[in-house]
Amino acid sequence: MKFAYKFSNLLGAVYRQGNLNFSRDGNSVISPIGNRLSVFDLKNNKSETLPLSTNKNITCVGLSPDGNMAILVDEDGAALLISLVTRATLHHFHFHKPVTSIRFSPDGKKFVATKENVALLYFAPGKHREFNAFMLDKSYYGPYDETTCIDWTDDSKCFVVGSKDMSTWVFGAERWANLLYYSLGGHKDVIVGAFFEKDSLDLYTVSRDGALCVWESDTELDGLVLKRRSVEEEEEEEEEQEEQDDGGRGEVIRGRTKPPKQKGLTKNVRYLQRSKHFFNKEGDFNSLTAVAFHKASHILVTGFASGVFHLHELPEFNLIHSLSISDQRISSVALNCSGDWIGFGCSGLGQLLVWEWQSESYVFKQQGHLNNMAALAYSPDGQYIVTGGDDGKVKVWNTSTGLCFVTFTEHSSSVTHVTFTSSGFVILSASLDGTVRAYDLHRYRNFRTLTSPRPTQFSSLAVDGGSELVAAGAQDSFEIFIWSLQSGRLLEVLGGHEGPVGSLSFSPVRSVLASASWDRTVRLWDMEDSWQTKEVIRLTSDGLTLAYRPDGQQLAVATLDGEIIFWDTQTAAQTGSVSGRHDLRTGRKETDKITAKQSAKGKSFTTLCYSADGESVLAGGLSRFVCIYSISEQILLKRFEISCNLSFDAMEEFLDRRKMTEFGSLALVDEEAGDEDGVHLSLPGVRKGDMSSRHFKPEIRVTSLRFSPTGRSWAAASTEGLLVYSLDGSMLFDPFDLDLDVTPSAVRSQLRHGAWAAAIVLAFRLNETPLIQEALEAVPHDQIPVVCTALPDVYVEKLLGFVASTLERSSHLQFYLEWTQSLLLQHGQKLKNRCGAMLPTIQSLQKSLHKHFDDVSKLCDLNVFTIRYALALSKQRGLKRSAEEEEEEEEEGMSEASLEDTPMVL
């Protein structure tokens, strides 16, 4: 259980490429991020990344009408059928060619996938188990160039396919006698979207040059007639299919530009161009890039390369409004089921927006780091993660929701290091622009900027435990600068290193600063005694990064030769080392002329951190693997694979012979400038029409690692994004001290008899979360102190850990606060004696309390006047009641007196 960390969530990226989809209820956006799929819940403001991945980047996603299944297709045509309910992979399939679009029919029985110039109609998988979940029904040939888009009629009888050859093809899903295929022209550029009108065969087609054609059909959907084939025709078709080698068993339909010949009395379906409209464009390079249509409300949304989108009402083509949401190309547009929310994806910025067009306001707006993510840090309570990137931005993410809630853009160059102060409300960041900036999380502003006397590039950063001193290491002048955070004044410049300062760290228990440098030394600086060098530790190679153990008694240093060396901070003696060069298992780049094994000899760990208990160390570098080592045993415990995405470079260990030619590797051959694979780079200052644009494949690497203060999770900043690995939910049933008498019925029997402590002990021995929660919540609140006193010491720590995890998500706030108070009051001294082992649990409890404190305090601040009014009203009612009671007493007294004064009549 200790190292059973599982992938939990992906932060730092919200959209890369592919098409966006809304869930069936319209409250969630499904967005492809690299080779993974993320679901953003817009109602509850949460995000979740599915624990599924394809071999390469996802290019298109097909969502079933009921919202339970989805088909993911990557760049090579490999497809995954997944369940959005169980988060499991149901089927693997390969189309053998890149797929441009995929779409389910409205009845959910079929789906169409387009590759090259072919449209393939498959039977959709049903509820019954099948040997082959994807069974080909028909293959449609018609366009002369690649297909671009698909749309179905509402009754699933026909579908339309757009193509790059400027033509649009209407195909029948069945063998209709009057509609086998129909070809439409009228455009002068690539077809971007084609849509059927609601409950009709009427069409709208949109091309890249901003032209909209409205097509009217002379036949209704009810007018389609099934073709009855004779026995001779069926035998001829079977012979034709046997002669054709299409690699599938489906029926082949070949369309031509001329309409099919009419047989019998049935009249063929014909289309007439009713009207043609043009969008208002600005600039020569403002092409239409994405389009979506909502059939019920007749709203057409079009996105352009300049970041502008238009809303039109069809068929009158009335402009509702036009807005610019970005300065980059809009890659994908989607509408939810009600037509109120519009989702936009911009691949150039990694941006995802949801716009409510009726109120003209943002529902959701998120953007990841534009380039690589360089650094990360956890807040002291584990509730937030701050990241810094090569784009100069500092972003703060909420670990519970997975969303970014503030972005700081003051830096003008790459951010190299970020950290929190001990209070958790101040963030510090170092950058290559020569500044160290401090940000306030209360007011969301940059309140302090620390600079050096002469311009320099800061590559490392550290802040002491009291949040008074800030240290930054220079990359070019080899010096360490010390500032006061309170005054912002430069206190000292420490010199002595003869190479760039790679890493800095303050001791958690003493006023000692440790610095690792490329000059093969680690220096310990005394912050109390005139800033002098306390100790110089000699290394066998360049020092890249270092970290203190949480108790401050040990120092771990990663060197250039792939070693991790452990030092005793009291005696400056080496206590052990780990050789991790072979554990990295670096991959081979496409342009490498040596093997991956030879390339690994020059690789090393560039980031490391201790676990919360200090018993293990986590290390990563220029590899897709993160290694966790036991410090006492000095062995590799587990290796985590960050990504299996082959779209990144340095992923494969061996040479792919399919990419080799007689002139060498294909990667070494200069390809056309129009190649869209990889990341696009343009010359500085060029916005449009850059003729010297370059593309490259980003290399997989891990730039920063951090353990959560609670010890329940750790995060890795990588080329893939910010990946969070967690223990929660990895193991549901882990019993201990179990025998035949420990059963759920025994627990409930003890609860019925009022033996609360015995029931809780039995529930913990079974270690089932629902059962423990049932036993706890059955205890009366006035019996909580008594139960806490009767609990054995072994179960106090387990109960406190359970209360800390449950308190974060439970609605019974006061009930669990009483449990927390009783446990800490009655067992506080015993817990204090084991503070080292209990630290993660206490920090998890602090995180939960801090979260509820923030929520309740915000709620009270928003309703402070309402509360005052309620108090005043209750006080006024109390005064009225007291006055009424006094009047009643006086009346009773008067009536008694009158009775006494009345003479008795006999």
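What counts and what doesn't
- Residues numbered from 1 in each chain as written.
- Predicted model: local features only at pLDDT ≥ 70, side-chain atom pairs only at ≥ 80, totals over all residues.
- Heavy atoms only, no water.
- Helix = DSSP H or I, 4+ residues; strand = E, 2+ residues; numbered from the N terminus.
- Areas by Shrake-Rupley, 256 points an atom, 1.4 Å probe, with all protein chains shown as cover.
- Phe/Tyr/Trp six-rings, centres within 6.5 Å; stacked < 30°, edge-to-face > 60°.
- Buried < 20%, exposed > 50% of the residue type's maximum accessible area, 1.4 Å probe, protein only.
- Arc of directions from axis to C-beta.
- Axes fitted to C-alpha atoms, helices over the stretch in contact; angles between N-to-C directions.
- Parallel < 35°, antiparallel > 145°, perpendicular 65-115°, else oblique.
- Contact = heavy atoms within 4.5 Å.
- Nonpolar A, V, L, I, M, F, W, Y, C, P; charged D, E, K, R; others polar.
- Expected span 1.5 Å × (residues − 1).
- Pairing = 2+ DSSP bridges.
- pLDDT = per-residue confidence, 0-100.
- Salt bridge = Lys/Arg side-chain N within 4 Å of Asp/Glu carboxyl O.
- Core = buried A, V, L, I, M, F, W, Y, C linked by side-chain atoms within 4.5 Å.
- Polar contact = N/O pair within 3.5 Å; in protein donor to acceptor, adjacent residues only side chain to side chain.
- Patch = residues over 30% accessible without salt bridge, like charges linked within 9 Å, V, L, I, M, F, W, Y side chains within 5 Å.
- Lys, Arg positive; Asp, Glu negative; His and termini not counted.
- Charge placed at Lys NZ, Arg CZ, Asp CG, Glu CD.

Caption draft 1: Fine view of the overall build of the chain. Along the backbone of the chain there are 11 helices and 61 strands. Accessible area of the chain: about 44000 Å², with a carbon and sulfur share of 49%.

Caption draft 2: Spatial organisation of the packing of aromatic side chains. Enumeration according to the criterion identifies 39 aromatic pairs in this entry. A ring pair is formed by Phe-159 and Phe-171, whose centres lie 5.8 Å apart and whose planes are at 40°; its orientation type is tilted. Of this pair, Phe-159 sits in strand 15 (residues 158-163) while Phe-171 is found in strand 16 (residues 168-172), placing the two residues 12 residues apart along the sequence. In this pair, the class of Phe-159 matches that of Phe-171, namely buried.

Caption draft 3: Main features of helix 6 (residues 769-777). Within helix 6 the residues assigned to the buried category are Leu-771, Ile-772, Ala-775 and Leu-776. Viewed end-on, helix 6 has its buried residues packed into an arc of 135°, placing them on one side of the element.

Caption draft 4: Here's a closer look at the packing of helix 6 against helix 8 (residues 793-807). At a closest axis distance of 12 Å, the pairing of helix 6 and helix 8 adopts a crossing angle of 95°. Looking at the two axes, helix 6 sits roughly perpendicular to helix 8. Taken together, the residues of helix 8 that come into contact with helix 6 (itself represented by Thr-769, Ile-772, Gln-773 and Leu-776) are Leu-799, Phe-802, Val-803 and Thr-806. Along the lines of polarity and charge, the residues of the contact of helix 6 with helix 8 split into 5 nonpolar, 3 polar and no charged.

Caption draft 5: Spotlight on helix 8. Given a rise of 1.5 Å per residue, 15 residues ought to cover 21 Å, and the 21 Å separating the end C-alpha atoms of helix 8 matches this to within 8%. Here helix 8 has its buried residues at Tyr-795, Val-796, Leu-799, Leu-800, Phe-802, Val-803, Ala-804, Thr-806 and Leu-807.

Caption draft 6: Here's a closer look at the sheet that holds strand 18 (residues 191-196). Pairing within the open sheet is antiparallel, and its 4 strands lie in the order 18-19-20-22. Only two strands of the sheet have a single neighbouring strand rather than two, namely strand 18 and strand 22 (271-278). Each strand axis lies, on average, 20° off the axis of its neighbour in the sheet, ignoring direction.

Caption draft 7: Quick peek at the pairing of strand 30 (residues 361-367). Bridge analysis of strand 29 (residues 351-356) against strand 30 gives 6 bridges, and the strand direction is antiparallel. Looking at the pairing, Gln-351 lines up with Gln-367 of strand 30.

Caption draft 8: The confidence of the model for the chain, seen in detail. Mean pLDDT over the chain stands at 84; residues scoring 70 or higher make up 85%. Here residues 897-906 is a poorly scored stretch, pLDDT under 50, and it has 0 contacts once near neighbours within four places are set aside; other chains count.

Caption draft 9: Spatial organisation of the pattern of salt bridges. Counted by the stated rule, this structure contains 18 salt bridges. For Arg-103, the salt bridge identified is with Asp-151, shortest N-O distance 3.4 Å. Of this pair, Arg-103 sits in strand 10 (residues 99-104) while Asp-151 sits in strand 14 (residues 147-152), and the two are 48 residues apart along the sequence. By relative accessible area, Asp-151 is classed as buried at 2%. Between Asp-542 and Arg-520 there is a salt bridge, with the nearest N and O atoms lying 3.6 Å from each other. Residue Asp-542 is found in the loop between strand 46 (533-538) and strand 47 (543-548), and its partner Arg-520 is found in the loop between strand 44 (512-517) and strand 45 (521-526); the two are separated by 22 residues along the sequence.

Caption draft 10: Main features of the sheet that holds strand 31 (residues 373-378). Strands sit in the order 31-32-33-34 across an open sheet of 4 strands; the sheet is antiparallel. Pairing within the sheet leaves two strands with one partner each, and these edge strands are strand 31 and strand 34 (404-408). The sheet shows a mean angle of 20° between the axes of neighbouring strands, direction not considered.

Caption draft 11: View of the nonpolar core. One finds Ile-760, Leu-776, Leu-799 and Trp-819 to be the most contacted residues of the largest nonpolar core, which totals 37 residues. The element best represented in this core is helix 5 (residues 756-766), accounting for 9 residues.

Caption draft 12: Quick look at the side chain of Ser-431. Position of Ser-431 relative to the elements: it lies in strand 36 (residues 426-431). In terms of polar contacts, Ser-431 uses its side chain to reach the backbone carbonyl oxygen of Ser-413, at 3.3 Å. Excluding residues within four positions of it along the chain, Ser-431 makes contact with His-411, Ser-413, Ser-414, Val-415, Thr-416, Gln-457 and Phe-458.

Caption draft 13: Representation of the packing of helix 5 against helix 6 within the structure. Helix 6 packs onto helix 5 with a crossing angle of 170° between their chain directions and a minimal axis gap of 8 Å. By the criterion of interaxial angle, the relationship of helix 5 to helix 6 is roughly antiparallel. Facing helix 5, whose interface residues are Ala-759, Ile-760, Ala-763, Phe-764 and Leu-766, helix 6 presents Leu-771, Ile-772, Ala-775 and Leu-776. Of the residues assigned to the contact of helix 5 with helix 6, the class counts are 9 nonpolar, no polar and no charged.

Caption draft 14: Fine view of the pairing of strand 12 (residues 118-123). With 5 of 6 residues buried, strand 12 is to be regarded as a mostly interior element. Bridge analysis of strand 12 against strand 13 (residues 135-141) gives 6 bridges, and the strand direction is antiparallel. Opposite Leu-120, over in strand 13, you have Ser-139 as the bridge partner.

Caption draft 15: Fine view of a negative patch on the surface. Side chains of Glu-884, Glu-885, Glu-886, Glu-887 and Glu-888 sit close together on the surface and give a patch of like negative charge. As for its placement among the helices and strands, Glu-884 is situated in helix 11 (residues 864-901). Relative accessible area serves as the criterion here: at 47%, Glu-884 is assigned to the partly exposed category.

Caption draft 16: Structural view of the side chain of Ser-467. Among the structural elements, Ser-467 can be located in the loop between strand 39 (458-463) and strand 40 (469-474). The class of Ser-467 is buried, set by a relative accessible area of 10%. Of note is the side chain of Ser-467, whose polar atom sits 2.9 Å from the side chain of Ser-422. The contacts of Ser-467, once residues within four sequence positions are left out, are Thr-421, Ser-422, Ser-423, Leu-485 and Gln-486.

Caption draft 17: Structural view of unusual backbone geometry. The step from Leu-314 to Pro-315 runs through a cis peptide bond, and the omega angle for that step is 5°. Relative to the helices and strands, Pro-315 is located in the loop between strand 25 (308-313) and strand 26 (318-324). Non-glycine residue Glu-360 carries a positive phi angle of around 55°. Mapped onto the secondary structure, Glu-360 falls in the loop between strand 29 and strand 30. Here the phi dihedral of Ser-467 falls at roughly 60°; this positive angle occurs in a residue that is not glycine.

Caption draft 18: Highlighting the environment of Leu-319. Relative to the elements of secondary structure, Leu-319 occurs in strand 26. Once the C-alpha coordinates of Leu-319 and Ile-299 are considered, the two residues, 20 residues apart in sequence, prove to be 9.9 Å apart.

Caption draft 19: Structural view of the environment of Ala-88. Looking at the secondary structure, you find Ala-88 in strand 9 (residues 88-94). Discounting chain neighbours no more than four positions away, the residues touching Ala-88 are Leu-52, Leu-81, Ile-82 and Ser-83.

Caption draft 20: Structural view of the environment of Arg-523. As for its placement among the helices and strands, Arg-523 is situated in strand 45. For Arg-523 and Val-512, which are 11 residues apart along the polypeptide, the C-alpha to C-alpha distance reads 9.9 Å. Discounting residues that sit within four places of it in the chain, Arg-523 has contacts with Gly-496, His-497, Leu-513, Ala-514, Ser-515, Thr-533, Glu-535 and Val-536. Looking at Arg-523, its side chain comes within polar contact range of the main-chain oxygen of Gly-496, at 3.1 Å.

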